[in-house]
Amino acid sequence: MLVAPSVLSADFGNLQRDVEEICNAGCNLVHIDVMDGHFVPNLTIGPVVVSAIAACATKPLDIHLMVENNTFFVELFAPLKPQYISFHIEEEKHPHRLIQKIRSLGIKPAIVLNPHTPPESVEYLLKNLDMILLMSVNPGFGGQSFIDSVIPKAKRLSEMRNRLNPKCLIEVDGGVNDQNIHALKEAGVDIVVAGSYVFKHENRAKAIKSLQI
Ligand code: DX5
Ligand code: ZN
């Protein structure tokens, strides 16, 4: 299991210290939540802060867009060369076109599904994707409780991906901790995002390792 700590739960007064700490602790990706105050009722960070994170991160960036105008934000963040950019299927009229655009910029494209969105909604896009991100909370905030129905959903998606594109990874985001990590692994999940569990833990390196099962 790969682990992508969500910087949203870091101490923004000591952002460099916290980003370096999780990278030195052996995390696999650095997850960055970009919210525009429209698609979700919260506003987070833009290119100035994300480039400061990119400058001190020694692990690849995983940018999760929770915005209305996906294309605008893809163009804004592309120069930072993240490994993944993921966008919500619920907010995109032309997902196939945007996948092609992200790939043409040398970035791995990923689609995010909200808790109510069925895995079948990405069936026809699966072969074009590097990753699918399943939300296990309603997007917008860190520190929420895990929605259990993501487990059978991940199982269903995992069967679909094994059939259509075994290279496509499955990521789960929201409320992940050492209590639900085994069920996620069993369901076929490859990457977990963890914000409050990692950053509020007294030993962040230990928290990351406890999820790398
Ligand atoms: C929620 C974000 C998550 C969030 C995870 O909209 O996409 O990445 O920061 O935080 P925890 O792990 O605390 O639920
Ligand atoms: Zn996220």
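For every chain, the first residue of the written sequence is number 1, and numbering continues from 1 along that sequence. As they are written, the chains are lettered A onward and the ligands numbered 1 onward, keeping that order. Selection of residues for local features in this predicted model requires a pLDDT of at least 70, selection of side-chain atom pairs for listing and counting requires 80 or more, and totals for whole chains, interfaces and linings are taken over all residues. Just so you know, side-chain values use all the structure's heavy atoms and leave hydrogens and water out.

## Things to note about helix H5 (residues 150-164)
Next, step 1: Between its first and last C-alpha atoms H5 spans 20 Å; for 15 residues at 1.5 Å apiece the expected length is 21 Å, and the two agree.
Next, step 2: Burial classification: accessible surface area is computed with a 1.4 Å probe over protein chains only, and a residue below 20% of its type maximum counts as buried, one above 50% as exposed, and the rest as partly exposed. Secondary structure elements are taken from DSSP: a helix is a run of H or I of four residues or more, a strand is a run of E of two residues or more, and numbering for both begins at the N terminus. The set of residues buried in H5 consists of Val150, Ile151, Lys153, Ala154, Leu157, Ser158, Met160 and Arg161. One fewer than the residue count of a helix, multiplied by 1.5 Å, yields its expected span.

## Looking at the nonpolar core
Where a protein is soluble and globular, its nonpolar side chains tend to be buried together.
Next, step 1: Throughout this description, the term nonpolar core refers to a set of buried Ala, Val, Leu, Ile, Met, Phe, Trp, Tyr and Cys residues connected via side-chain atoms within 4.5 Å. In this structure, Val30 and Leu184 are the most contacted members of the largest nonpolar core, which totals 63 residues.
Next, step 2: The element contributing the most residues to this core is H5, with five residues.
Next, step 3: If you look at the next biggest cluster of nonpolar residues, it comprises seven residues, including Leu29, Tyr84, Met131 and Val193.

## Brief notes about the site of ligand 1
Next, step 1: The immediate surroundings of ligand 1 are formed by 20 residues, with Gly140, Gly143, Asp173, Gly195 and Ser196 found nearest.
Next, step 2: One of the side-chain nitrogen or oxygen atoms of Asp173 is found 2.7 Å away from an oxygen atom of ligand 1.
Next, step 3: Side-chain polar atom of Ser196 to an oxygen atom of ligand 1: 2.6 Å apart, as the coordinates give it.
Next, step 4: Burial of ligand 1 by the protein chains amounts to 100% of its free accessible area of 380 Å².
Next, step 5: The set of elements that each furnish at least two residues to the shell around ligand 1 consists of strand S2 (30-35), strand S3 (61-66) and strand S8 (191-194).
Next, step 6: At three residues, the largest contribution of residues to the shell around ligand 1 is made by S2. When we say a residue is near a molecule or strand, we mean one of its heavy atoms is within 4 Å of it. For the purposes of these results, a polar contact is taken to be a pair of N or O atoms within 3.5 Å, where, inside protein, one atom must be able to donate a hydrogen and its partner to accept one; residues adjacent in sequence count only when each atom of the pair is a side-chain atom. All accessible areas in this document rest on Shrake-Rupley with a 1.4 Å probe, and a residue is counted as covered only by the protein chains that are shown.

## Considering the coordination of the zinc ion (ligand 2)
Next, step 1: Coordination of the zinc ion (ligand 2) by the protein is provided by His31 (NE2), Asp33 (OD), His64 (ND1) and Asp173 (OD), with metal-donor distances spanning 2.0 to 2.3 Å.
Next, step 2: Note that the zinc ion (ligand 2) binds six donor atoms; their angles at the metal cover 69 to 168 degrees, and the shape is octahedral.
Next, step 3: For Na, K and Ca the donor cut-off is 3.2 Å, and for all other metals it is 2.8 Å, counting N, O and S atoms only; because water is absent from this set, sites may look incomplete. Here the donor residues for the zinc ion (ligand 2) map to a single chain with the spacing H-x1-D-x30-H-x108-D. Note that His31 is positioned in strand S2 and His64 in strand S3, a separation of 33 residues in sequence.
Next, step 4: Residue classification places His31 among the buried residues on the basis of a relative accessible area of 0%. The geometry test gives tetrahedral to four donors whose angles all lie between 85 and 135 degrees, gives square planar to four donors and octahedral to six donors whose opposite members are over 155 degrees apart with all other angles between 65 and 115, and gives irregular to the rest.

## Observations regarding the environment of Leu76
Next, step 1: The topology assignment puts Leu76 in helix H3 (residues 70-77).
Next, step 2: For Leu76 and Ser136, which are 60 residues apart along the polypeptide, the C-alpha to C-alpha distance reads 27 Å.

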